[in-house]
Amino acid sequence: MDLNFTPEEQAFRQEVRRFIDDNLPAELSRKVLEGKRLTKDDYLTWHKILYRKGWIAPSWPVEFGGTGWNAVQQHIFDEECADAGAPMIMPFGLRMVAPVIMAFGDAAQQQYFLPKILSGEHWWCQGYSEPGSGSDLASLKTRAERQGDYYIVNGQKTWTTLAQHADWIFCLVRTSTEGRQQEGISFLLIDMKSPGITVRPIIMLDGEHEINEVFFENVKVPAHNLVGQENKGWTYAKFLLGHERTGIAAVGRSKRELKRLKEIARRETANGRPLIEDQRFRDKIAQVELELMALEITNLRVISAEREKRTPGPEASILKIKGSEIQQSLSELMMQAVGHYALPYSPEALDAGWQGMPVGADYCAPLAGHYFNMRKTTIYGGSNEIQKNIISQMILGL
Amino acid sequence: MDFNFTEEQSALQDTLRRFIAKDYGFERRRELACSELGFSRDTWRQFADLGLLALPFPEEYGGMGGNAVDTMIVMEAFGRGLVLEPYLATVVLCGSLVRDSGSEMQKKTILPAIAGGELLMALAHYEPGTRYELNHVQTTARPDAAGWVIDGAKSVVLGGPWADRLIVSARTSGDARDDAGISLFLVDRNAAGVALRAYPTQDGQRAAEITFTRVKAGADALLGAQGQGLAALARALDYGIAALCAEAVGAMAALNEATLEYLKTRKQFGQPIGKFQALQHRMADMLIAAEQARSMMYLASVKADSLDAAERSRNLSAAKAYVGQSARFVGQQAVQLHGGMGVTDELNVSHYFKRLTMINATFGDADHHLGRFSDSLLAA
Ligand SMILES: Cc1cc2nc3c(=O)[nH]c(=O)nc-3n(C[C@H](O)[C@H](O)[C@H](O)COP(=O)(O)OP(=O)(O)OC[C@H]3O[C@@H](n4cnc5c(N)ncnc54)[C@H](O)[C@@H]3O)c2cc1C
């Protein structure tokens, strides 16, 4: 056992760091580090930089355009990107639908979609949840009826992250109402420009537009956009959910946020001293740091084991639970650090070009909103209650 | 020991409950919060008619002679309704300061005006970089021939944008963090040199950063004894803390009701989600937290009128810490148990959660007050 990085891994880190230093636009990383609002272009700018370098899809097999990095290298890469303030790479195409297309799609689908996912030409969104089907996803009702060479889709998806930017949506749809619920579900790829699709924003508690409702009214979808076999979509969906959960540990981003928390705690004052000297507050920072230290290693253990079997197992639930709780604690402590300067609501200050005078210190404006927003992390991607059910059933056999 | 309300208090509670249910629905509240003004002058007038604005003042100044328990009843109802009107700033904080420290003349002019709904006020005390420390005052007041000249900056003044008059804490002697040497002044919001930057707060209310540049105040602007303002401030803020505890308890009760209802009606896996034991236990913990917070709210309200300053502040810190912890738990879990619905702006759940979060950050968060209470153990 050795938890140190090897000289090769350290050299790899240097190489990644140098590349990021040379290529990540300073104004973009400033936006990310200061918690400003990111535009579609901001995400795509970084996506394309990595694409040109051949580094956009570290988790993909080499034959499809992956990097051939091992789990540790991928971790180092994520950590360096996060630390430098690179925008998050959207998981919907690269980490969610692509593995499904690789594993279950046909050659034509692989040839058409995978290169466009790599290049960023297609922005994907995930159409799983419905108003009546959240945790109980298998009860979903959006119907797809086969008519000749098409499926006709009717129904509604909801909570769809960044559907307002999306070119394509991968959907779970009901193609049969016979047998068990799980046995009548299919996995369909739908062009967002199809007539009959309406996207309606849902404003979140922080006042931001990040999620949407997506309505389908007699939407014609070519039958060749079905992935794998009809009524086998549930198997593919479960395969994908595992992939969604590993990304959700967010170790790299949390390490960056921890640094930011410490910086803020150094700049704020309590009783005439830097807040970080306040034992009660510092212990809270220390406690999150312990959690994060443990999670970093657990994360490496899980992804190393996965590389051998190639699909994430129920252990991914541990990453989801701890990763989300840590993100929430960090955002809460940052807000707490600024005391009553959590109160002012200034959404205009989240725009990168905003020239106004901040209320309080320049880092205050996004903090409360970020805390509110992070409540989502224990709800989405399979809520933490559902993750604990998975651990109870799949790991513990209860 | 007696946990019963008087007949008048029960009647007040009923009146307020009806008012919130009938006239202060969530959608109307949302419109008000987004309106240019940010609250309703008509509602304020209704408060005056109901006697709410006169509640804690002595009868000889047009008041109702009420105590902190009466204020608690009002604030608990306001917590349920997420009421935006500046009751805390005007009646609770500034009203009690004038009542407890004002000269005969000040009481005679100000209290009836507040009671009648004609005068809105705000307390400009905390400053940038002071966090929750009460004695950290760098704003100065220098005597001149006509009275005083005030210079300094105040932060997150609740209800500041609406105030006709401000109560400003300023140093008349001593250094930034000395207990002695803080004085209170009544300053006109429109006085020359008062610059106000107004903004909405995360919970839909309004506040302001206010700077004072060579602001002239008359000799009669001094409120209470010169240099002795800290004790008066501490007392008023304890009154405010008791009020905030009650508001939080009202909001928690509303959240727990909403969440319980959701557990009974939201179905997943073919059954109401309230059938899942994990959620039953969570909801039970939320109920426990709210009941314990209610007990601390009673303690806070009874002690807020105490004249023994050390005992009062020790108990108020205990209550603020405990209610803050409970509010955090109940708020977070109410959101969690609502799933995706919980993080939408559309549902009232997130608005209660945000208000509870901001109450925790106002006048000292749970950790700050736990620390003060903890320090008091050394003194005992
Ligand atoms: C910000 C955000 C972004 C999202 N993005 C997407 C997206 O892009 N695409 C997509 O398809 N979906 C997305 N989702 C949806 C997300 O996956 C669902 O919100 C989640 O699955 C929970 O479903 P629900 O909201 O219907 O809550 P419910 O399933 O109604 O759950 C309500 C509560 O009950 C609990 N609960 C439910 N069942 C059980 C049980 N058996 N035992 C114990 N507790 C239980 C839950 O944990 C939760 O606390 C997003 C959600 C959010 C908040």
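Residues numbered from 1 in each chain as written. Chains lettered and ligands numbered in written order. Predicted model: local features only at pLDDT ≥ 70, side-chain atom pairs only at ≥ 80, totals over all residues. Heavy atoms only, no water.

A. Local environment of helix H8 (residues 251–267) of chain A. Over its 17 residues, H8 of chain A extends 24 Å from the first C-alpha to the last, a length consistent with the 24 Å expected when each residue adds 1.5 Å. Looking only at H8 of chain A, the buried set comprises Val 251, Gly 252, Ser 254, Arg 256, Glu 257, Leu 258, Arg 260, Leu 261, Ile 264 and Ala 265 of chain A. (Helix = DSSP H or I, 4+ residues; strand = E, 2+ residues; numbered from the N terminus. Expected span 1.5 Å × (residues − 1). Buried < 20%, exposed > 50% of the residue type's maximum accessible area, 1.4 Å probe, protein only.)

B. View of the pattern of salt bridges. Inspection of every chain in the model, using the stated rule, returns 41 salt bridges over all chains. Salt-bridge contacts for Lys 284 of chain A lead to Asp 367 of chain B; the nearest nitrogen and oxygen are separated by 2.8 Å. Separated into two different chains, Lys 284 of chain A in helix H9 (residues 279–309) and Asp 367 of chain B in helix H11 (residues 366–379) make up a pair that spans both. Note on Asp 367 of chain B: relative accessible area 14%, which makes it buried. Residues Arg 99 of chain B and Asp 100 of chain B are paired through a salt bridge, measuring 2.8 Å at the closest nitrogen-oxygen approach. One network of salt bridges, in which partners are shared, links Arg 13, Arg 17, Glu 79, Glu 80, Lys 255 and Glu 296 of chain A. (Salt bridge = Lys/Arg side-chain N within 4 Å of Asp/Glu carboxyl O.)

C. How the structure looks around the pairing of strand E1 (residues 121–124) of chain B. All names here are of chain B. The side-chain alternation of E1 yields two buried faces, one formed by Met 121 and Leu 123 and the other by Ala 122 and Ala 124. Across four bridges, E1 lies against strand E4 (residues 165–171) in parallel orientation. Directly across from Ala 124, in E4, lies its bridge partner Val 168. (Pairing = 2+ DSSP bridges.)

D. Highlighting the site of the ligand. Around the ligand, a shell composed of 29 residues is seen, among which Ser 135, Thr 161 and Ser 383 of chain A together with Arg 266 and Gly 340 of chain B lie nearest. Lying at an intersection of chains, the ligand is approached by residues of chains A and B. At 2.7 Å, a side-chain N or O of Glu 385 of chain A approaches an oxygen atom of the ligand. Protein contacts shield 95% of the accessible area of the ligand, which totals 960 Å² for the unbound molecule. (Near = heavy atom within 4 Å. Polar contact = N/O pair within 3.5 Å; in protein donor to acceptor, adjacent residues only side chain to side chain. Areas by Shrake-Rupley, 256 points an atom, 1.4 Å probe, with all protein chains shown as cover.)

E. The arrangement of the layout of surface pockets in detail. Here the second largest pocket is characterised by a volume of approximately 960 Å³. What lines the second largest pocket is a set of 39 residues, among which Ser 329, Glu 332 and Arg 375 of chain A together with Arg 328 and Gln 332 of chain B lie closest to the centre. Residue assignment for the lining of the second largest pocket shows that the elements contributing at least two residues are H9, helix H10 (316–337) and helix H12 (384–395) of chain A together with helix H9 (309–337), helix H10 (348–361) and H11 of chain B. If one sorts the elements of the lining of the second largest pocket by residue count, H10 of chain A sits on top with nine residues. (1 Å grid on protein atoms, 1.4 Å probe; cavity = no way out; pocket = protein on both sides within 12 Å on 5 of 7 lines; lining within 4 Å. Points joined across faces, edges and corners; volume = space filled by probe spheres on them.)

F. Structural context of the packing of aromatic side chains. Summed over the entire model, instances satisfying the criterion amount to 28 aromatic pairs over all chains. Their ring planes at 70° and their centres at 5.6 Å tell us that Phe 372 of chain A and Phe 353 of chain B sit as a pair that is edge-to-face. Pair noted here: Phe 372 of chain A is in helix H11 (residues 367–373) and Phe 353 of chain B is in helix H10, and the two residues belong to different chains. The same class applies to Phe 372 of chain A as to Phe 353 of chain B, namely buried. (Phe/Tyr/Trp six-rings, centres within 6.5 Å; stacked < 30°, edge-to-face > 60°.)

G. Quick peek at the interface of chain A and chain B. Contact residues are listed per partner, giving 46 residues for chain A and 47 residues for chain B. Regarding the contact of chain A and chain B, the summed buried area is about 3,900 Å², with carbon and sulfur atoms giving 55% of it. Interface area lost by chain A to chain B is led by Leu 205, His 340 and Leu 343 of chain A, which between them contribute 19%. Scanning the region where chain A abuts chain B turns up three salt bridges. Among the ionic pairs, Glu 332 of chain A bridges to Arg 328 of chain B, the shortest N-O distance being 2.5 Å. (Contact = heavy atoms within 4.5 Å. Buried area = accessible area lost by both parts, 1.4 Å probe.)

H. Quick peek at the domain arrangement of chain A. Residue and element names in this part refer to chain A. What the domain assignment lists for chain A is domain 1 (7–89), domain 2 (124–231) and domain 3 (249–396). With both chains or domains summed, domain 1 and domain 3 bury close to 1,600 Å², and 51% of this area falls on carbon and sulfur atoms. Contact with domain 3 buries surface across domain 1, with Arg 37, Ala 71 and His 75 losing the most and accounting together for 33% of the total. Applying the counting criterion to the domain 1 and domain 3 interface returns three salt bridges. Two residues, Lys 255 and Glu 79, come together in a salt bridge whose shortest N-O distance is 3.0 Å. Looking at the side of domain 1 that touches domain 3, the elements with two or more residues in it are helix H2 (26–33) and helix H4 (71–84). (Domains from an automatic or database assignment.)

I. Focus on empty space enclosed by the protein. Residues and elements named next belong to chain B. Under the defined criterion, the tally for this structure stands at eight cavities of 30 Å³ or more. Approximately 190 Å³ is the volume attributed to the largest cavity. Along its surface, the largest cavity is lined by 17 residues, and Glu 85, Pro 86, Leu 88, Gln 205 and Arg 355 are the ones closest to its centre. For the lining of the largest cavity, the secondary-structure elements that each account for two or more residues are helix H4 (68–81) and helix H5 (87–101). Per-element accounting of the lining of the largest cavity gives the leading share, three residues, to H5.

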